[in-house]
Amino acid sequence: MAVTDQGDRSPEPETVKKALRLRRHTRRLAHLSQWPIHLSVVPPLLLVTLLFWLLRRLPIPDTVSGDWIPLFWLGIALLIGLAALLTRAIHRRLRRALHLETWPTPRPDFSLRAFALAFGTLAFTLAVHALLGRLDRHALIIPFWLGSHQLIAAWETRVERYAVQGVGCLLVWSLLMRMPAPQASWLLLPSLALVELVTALWGRWEWHRFQREQADAR
Amino acid sequence: MLAKDLARLDRLVHEPARLAIMAVLAEVDEAEFSFLLRQTGLTKGNLVSHLRVLEEAGFIFTRKVPVGSRKRTLISLTNLGRDTFAAYWRRMLRWSQHFADKPPQTDAPSTDD
């Protein structure tokens, strides 16, 4: 410890660096161990697709317009809520089955910066859709927003699977934007399920590679 | 200004082992005892004694969860612990910036030779 002329003890620069390294390492490790979340989201996505397919048999118009828009968003919000609950339940079971429950979960970021990031990427998404004259393609806002958000998350956390997810979502978005609207809507969720599956596989590989590196370092 | 800042540094958090424990806990919801042991590199006895100090200060909360016939000890930062650590961290970063600008002087002349 360095001592000032007042006789106080100041933090050693090495202690600061060590604590900073420990924080970064713990954050990365906590994020890496969460890879089964991408696998957990696949069944709810496919289930919702099936639900849409069943609903299609009811006399509901293919394209969402006019009076249907509020109902569409309400339905989407409800479905997202249910899918999130199901995902959480599957994730818990998967972590237990894969012996990952002893690894900590990262602390959710509710900071002003996190909200600014979420709203910022959403505004960016809406601006891109507006520039392309495709604001009517509501459902395709999801992969573009998720893709750009996850690319920033990858840069912040240095977790590769987030980059894979981000690129995958943007790829899905660009492919579906070229398709006719009804076809794109029906293909959206299965495409996202495929992206999540690939992300999970990458995440698993990244996690095992990280553990091997740790073992070698010891 | 910096000297005043220094005087306000929380001595309880300032100790390197406790700083390491709180740095790990700040990044996660809650952590298992064995995880903390691995991450901080402390011995079991050392970790237990530092955790006790932090718990008495109200900075951490420990709970035991039964898993089969065994019990897992989960440790998390309390709101007070998070606020204290955040304040400490801000001051610490200011100090590290200060050191980066001006390398610290040696405490006393070397007596080795």
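Residues numbered from 1 in each chain as written. Chains lettered and ligands numbered in written order. Predicted model: local features only at pLDDT ≥ 70, side-chain atom pairs only at ≥ 80, totals over all residues.

### Side note on the pairing of strand β2 (residues 60-67) of chain B
All names here are of chain B.
Logical step 1: With eight bridges connecting them, β2 and strand β3 (residues 70-77) associate as antiparallel partners. The residue bridging Val67 from the neighbouring strand is Arg70, located in β3.
Logical step 2: Following β2, the chain reverses through two residues before pairing antiparallel with β3; Gly68 in that reversal takes a positive phi of roughly 65 degrees. (Pairing = 2+ DSSP bridges. Helix = DSSP H or I, 4+ residues; strand = E, 2+ residues; numbered from the N terminus.)

### Focus on the environment of Arg18 of chain B
Logical step 1: Among the structural elements, Arg18 of chain B can be located in helix α3 (residues 16-26).
Logical step 2: Those residues in contact with Arg18 of chain B that sit more than four places away from it in its chain are Leu12, Val13, His50, Val53 and Leu54 of chain B. (Contact = placed C-beta atoms within 7 Å.)

### Some remarks on the sheet that holds β2 of chain B
Logical step 1: Strands sit in the order β1-β3-β2 (chain B) across an open sheet of three strands; the sheet is antiparallel. What marks the edges here is a single partner per strand, and that holds for β1 (31-32) and β2 of chain B.

### Some points on the confidence of the model for chain A
Logical step 1: Residues with a pLDDT of 70 or more make up 90% of chain A, whose mean pLDDT is 87.
Logical step 2: Looking at the elements of chain A, mean pLDDT is at its lowest for strand β1 (residues 2-3) of chain A, recorded as 40, and at its highest for helix α7 (residues 160-177) of chain A, recorded as 96. (pLDDT = per-residue confidence, 0-100.)

### A look at the nonpolar core
Logical step 1: By size, the foremost hydrophobic cluster in this structure holds 52 residues, and its most contacted members are Ile21, Met22, Val24 and Leu25 of chain B.
Logical step 2: Sequence-distant contacts of Met22 of chain B, defined by excluding residues within four places in its chain, comprise Val13, Leu77, Gly81 and Phe85 of chain B. (Core = buried A, V, L, I, M, F, W, Y, C linked by C-beta atoms within 7 Å. Buried ≥ 20, exposed ≤ 12 C-beta atoms within 10 Å, placed from the backbone.)

### What about unusual backbone geometry?
All names here are of chain A.
Logical step 1: Despite not being glycine, His99 has its phi angle at roughly 55 degrees, a positive value.
Logical step 2: Take His99: there are 8 C-beta atoms within 10 Å of it, and that puts it in the exposed class.
Logical step 3: Its identity is not glycine, yet Arg158 carries a phi of approximately 60 degrees, on the positive side.
Logical step 4: Secondary-structure assignment places Arg158 in the loop between α6 (141-157) and α7.
Logical step 5: Given 13 C-beta atoms within a 10 Å radius, Arg158 is considered partly exposed.

### Some points on the packing of α3 of chain B against helix α4 (residues 33-40) of chain B
When two helices pack together, their arrangement is given by the angle between the helix axes and by the axis-to-axis distance.
All names here are of chain B.
Logical step 1: Closest axis-to-axis distance for the α3/α4 pair is 10 Å, and the angle between their directions is 120 degrees. With respect to their mutual orientation, α3 and α4 come out oblique. With respect to the hand of their crossing, α3 and α4 are arranged in right-handed fashion. Here Ala17, Ala20, Ile21 and Val24 of α3 come into contact with α4, specifically with Leu36, Gln39 and Thr40. (Axes fitted to C-alpha atoms, helices over the stretch in contact; angles between N-to-C directions. Parallel < 35°, antiparallel > 145°, perpendicular 65-115°, else oblique. Left-handed = near helix turned anticlockwise from the far one by under 90°.)

### Points about helix α5 (residues 44-56) of chain B
All names here are of chain B.
Logical step 1: Along its 13 residues, α5 runs 18 Å from first to last C-alpha, staying within 8% of the 18 Å computed at 1.5 Å per residue.
Logical step 2: Burial in α5 covers these residues: Leu47, His50, Leu51 and Leu54. Summarising the axial view, the buried residues of α5 lie within an arc of 105 degrees, below the 170-degree limit, and thus occupy one face. Residues of α5 that are exposed and angled more than 90 degrees away from the buried face: Gly45, Ser49, Arg52 and Glu56. (Expected span 1.5 Å × (residues − 1). Arc of directions from axis to C-beta.)

### Focus on the pairing of β3 of chain B
Logical step 1: Across two bridges, the pairing between β1 of chain B and β3 of chain B is antiparallel. When the bridges of β3 of chain B are listed, Glu32 of chain B appears paired with Leu74 of chain B.

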